[in-house]
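The lines below spell out each chain.
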Amino acid sequence: MNSEDINAVARLLSKPQKIVIIPHKNPDGDAIGSTLALWHYLKNRGQKAQIIAPNDFPKFLKWMPGQDQILNFEKENAQSKAYIDEATLIFTLDFNHLGRIGQVEPCLKESDATFIMIDHHQAPSDYADYMYSDVLMSSTCEMVYNFIEFLGDDDKITPEIANCIYTGIMTDTGSFKYSSTTSRTHRVVAALIDKGAENTKAHNLVYDTNTPNRLHLLGCALKNMVILEEYSTAYITLSQDELDTYGFQKGDTEGFVNYGLTLHGICFAVIFIENKDEGIIKISFRSEGDFSVNEFARKHFNGGGHTNAAGGRSDVSLKETVDYFSTLLKDYKTQLNP
Ligand code: 5GP
Ligand code: MN
C-alpha cells in the first residue's frame with residue numbers, strides 16, 4: 001500500500017465509521033482469519049464493525065475468537081443487507097472481484113460506501129477505492145498484519161488478533177511450506193507468537209479434527225484417484241452419492257486435492273466435487289512448479305486463484321466435466337512435461 005493510500009485510510013479510520021467486512025464465498029482459514037483479525041482491531045479502536053460472510057464456513061474454524069459474531073448472508077439475509085445499506089466503509093478481504101461473493105454482489109454494487117480491498121490473488125478488478133493487492137504475499141492474513149503495522153498500531157495486536165492472523169497464514173501456506181512462504185512470513189509468525197498466538201493449539205484445532213466419516217470419505221476419494229502419467233496429472237472425483245454416503249459436512253474435503261501432488265512425477269492435481277444443491281461441479285486445482293492453474297481455471301472453468309492453487313466450477317455433469325477436462329490436457333502436454 002503506498003503512503004498516500006495509508007494516510008487516506010488512516011484519516012478515514014480517525015473518524016467514526018459504520019464498517020462492514022466481507023470475505024469470499026465458502027470462506028477458508030485465511031478469509032475467516034483475516035476478517036476476524038481486522039474486526040478485532042477495528043472494534044478495539046472503537047469503530048462499529050460487522051463481518052458478513054456470503055455463506056457458512058467449516059466447523060474446524062468455529063473456535064476462532066469472535067467467529068460467533070459473523071453474520072451468514074444466506075441465513076441472516078435481512079440483517080446482513082441492513083448492515084451493508086448503512087455501511088460507510090466496506091473492507092473486502094481475500095478476494096478481488098465481486099463474482100467471488102455470490103448473492104452479496106448486487107448489494108455491494110448498490111452501496112455508496114468507500115471500498116478497501118486487501119487481497120493476494122492475481123488480476124484484481126477495480127471496484128475498490130483503496131487497494132492493497134500483492135500477489136507475492138503468503139496470505140491475506142499476513143497483509144492484515146502489515147496493514148495494522150502501516151497504521152503504526154503493531155502494539156495493538158492482541159492475543160485474539162495474533163491467533164486469527166496466525167491461523168490464516170498457517171492454512172494458506174500449508175503450514176508454512178508453500179513457496180509463497182518467505183522469511184518475512186516467518187518473522188511475522190514469530191512476532192505473532194510473541195504477541196500471544198498459540199501455535200500448537202491452532203494446529204490441533206484446525207487439523208486434528210477428523211471424524212470417522214471424513215476419513216472414510218478420504219479413502220473413497222483416494223480410491224477414485226485417476227493418474228495420467230502422460231500428463232503428470234492426477235485427479236479425484238467425488239459424486240453427490242458418495243458425499244451423502246459418508247455424511248459430508250462443509251470442510252470435509254479440504255486438503256484432499258493435495259494428495260495427488262505427493263506422487264512422484266505428478267505436478268498437476270485436481271478434485272471434482274459434485275454439488276447437486278447448486279447444480280454445479282466445484283473444482284480445485286493445484287500444481288507444483290511453473291504450470292499456472294490460475295490461468296487454466298480462468299480460461300476453462302470460470303475460476304481463478306494463484307499460480308499453484310486455484311478453483312473453478314462447471315455447470316455440466318460430473319462425467320461431462322471430467323471428459324472435457326481430459327480433452328483439454330492434450331493442449332498442455334508440453335507444459336506439463338517440461
Ligand atoms: P480452493 O481450491 O481451496 O477452493 O481455492 C484455491 C484458491 O483459488 C483460493 O485462493 C481461492 O480463493 C481461489 N478460488 C477458489 N475457487 C475460485 C473461483 O471459483 N474463482 C476464483 N476466481 N478463485 C477461486
Ligand atoms: Mn488467501
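Here the structure is a predicted model, which is why all the values come from computation and not from measurement. (Residues numbered from 1 in each chain as written. Chains lettered and ligands numbered in written order. Predicted model: local features only at pLDDT ≥ 70, side-chain atom pairs only at ≥ 80, totals over all residues. Heavy atoms only, no water.)

Peer 1: Lay out the sheet that holds strand β2 (residues 48–53) with the relevant residues and their values.
Peer 2: Across the sheet, which stays open at both edges, the 6 strands sit in the order β3-β2-β1-β4-β5-β6 with parallel pairing between neighbours. Both outer strands of the open sheet, β3 (71–72) and β6 (130–133), are each paired with one neighbouring strand and no more. Two elements, β2 and β3, share 2 bridges in a ladder whose sense is parallel. Within β3, the position partnered with Ile-52 by the bridge is Leu-71. Lying on the sheet, helix α2 (residues 29–44) is in contact with β1 (18–23), β2 and β4 (89–93); it crosses β1 at an angle near 165°. (Pairing = 2+ DSSP bridges. Helix = DSSP H or I, 4+ residues; strand = E, 2+ residues; numbered from the N terminus. Contact = heavy atoms within 4.5 Å. Axes fitted to C-alpha atoms, helices over the stretch in contact; angles between N-to-C directions.)

Peer 1: So what's going on with the packing of helix α6 (residues 159–172) against helix α8 (residues 199–207)? Which residues, and what values?
Peer 2: Contact pair α6 / α8: the axes reach a minimum separation of 10 Å and the direction vectors enclose 55°. One element, α6, and the other, α8, form an angle in the oblique class. Considering the relative orientation of α6 and α8, their crossing is right-handed. For the pair formed by α6 and α8, the contact residues are Tyr-166, Thr-167, Met-170 and Thr-171 on the first element and Asn-199, Ala-202, His-203, Val-206 and Tyr-207 on the second. (Parallel < 35°, antiparallel > 145°, perpendicular 65-115°, else oblique. Left-handed = near helix turned anticlockwise from the far one by under 90°.)

Peer 1: So what's going on with the packing of aromatic side chains? Residues and values would help.
Peer 2: The tally for this structure, following the rule as stated, stands at 19 aromatic pairs. Each ring, one from Tyr-235 and one from Phe-272, has its centre 5.8 Å from the other, and the planes form 85°; the classification is edge-to-face. With a gap of 37 residues between them, Tyr-235 in strand β8 (residues 233–238) and Phe-272 in strand β9 (residues 268–275) connect regions that are remote in the sequence. The exposure classification of Tyr-235 matches that of Phe-272, with both residues buried. Ring centres 6.3 Å apart and planes at 20° place the aromatic pair Phe-268 and Phe-285 in the stacked group. Pair noted here: Phe-268 is in strand β9 and Phe-285 is in strand β10 (residues 280–287), with a separation of 17 residues, a long-range link. Of the two residues, Phe-268 and Phe-285, both sit in the buried class. Pairwise contacts between aromatic rings join Tyr-235, Phe-268, Phe-272, Phe-285, Phe-291, Phe-296, Phe-301, Tyr-324, Phe-325 and Tyr-332 into one cluster. In this arrangement the basic side chain of Lys-62 is found over the ring face of Phe-57, its NZ or CZ atom lying 5.0 Å from the centre. (Phe/Tyr/Trp six-rings, centres within 6.5 Å; stacked < 30°, edge-to-face > 60°. Buried < 20%, exposed > 50% of the residue type's maximum accessible area, 1.4 Å probe, protein only. Lys NZ or Arg CZ within 6 Å of the ring centre and 35° of its normal.)

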